[in-house]
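Chain by chain, the residues:
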Amino acid sequence: MELTIDYDHIIDDNYERFVSVGLTDKYMINGLLENAVKKIVEKVKRNYKLAIPQYYTDKSTKEAKIQLLLPLFLQSRDVADLALVVDKGEYSYVGKTILTIEWAYVNSRRIVKPDVEWLKI
């Protein structure tokens with residue numbers, strides 16, 4: 001699984017979501033995020049059920065698609081802090097944005113009730 005992410009975009013456009021989980025230093029956030037992404041990619045290779053689908057409709061284009069939610073363990077191995085939203089591209093996966101766990105839970109329920117430990121609220 002190859003995953004492409006624009007870390008600066010994710011951090012700058014979603015900074016308040018990092019602050020909501022207690023992270024404020026952008027340099028530290030970048031390092032934690034890069035590490036969390038590397039680890040979750042390896043975990044998903046071993047257990048694909050960690051990736052939870054969400055239904056998404058682009059309001060401007062009206063295009064509907066399925067995206068994947070991946071847990072980001074930034075501060076702990078046991079509790080996911082945020083969820084990475086991933087689109088399937090032509091040749092790789094693309095990290096689009098991050099969501100709080102609460103938003104990820106609500107969005108994933110549009111398809112089916114999630115049955116994974118990291119997405120419990």
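Scope of this entry: the structure provided in the associated data block. (Residues numbered from 1 in each chain as written. Predicted model: local features only at pLDDT ≥ 70, side-chain atom pairs only at ≥ 80, totals over all residues. Heavy atoms only, no water.)

This next bit is on the sheet that holds strand β1 (residues 3-5). Spatially, five strands are ordered β1-β5-β4-β3-β2 in an open sheet, and the strand pairing comes out mixed. Strands with a single pairing partner mark the edges of an open sheet, and in this sheet they are β1 and β2 (52-57). Direction aside, the axes of adjacent strands within the sheet are offset by 45° on average. Pairing of β1 with strand β5 (residues 93-100), which is carried by three bridges, proceeds in the parallel orientation. The residue bridging Ile5 from the neighbouring strand is Gly95, located in β5. Packing of helix α4 (residues 101-108) onto the sheet brings it into contact with β2, β3 (64-72), β4 (82-88) and β5, and relative to β5 it is tilted by some 110°. (Pairing = 2+ DSSP bridges. Helix = DSSP H or I, 4+ residues; strand = E, 2+ residues; numbered from the N terminus. Axes fitted to C-alpha atoms, helices over the stretch in contact; angles between N-to-C directions. Contact = heavy atoms within 4.5 Å.)

One non-glycine residue with positive phi stands out, namely Lys62, at about 65°. For Lys62, the position within the fold is in the loop between β2 and β3.

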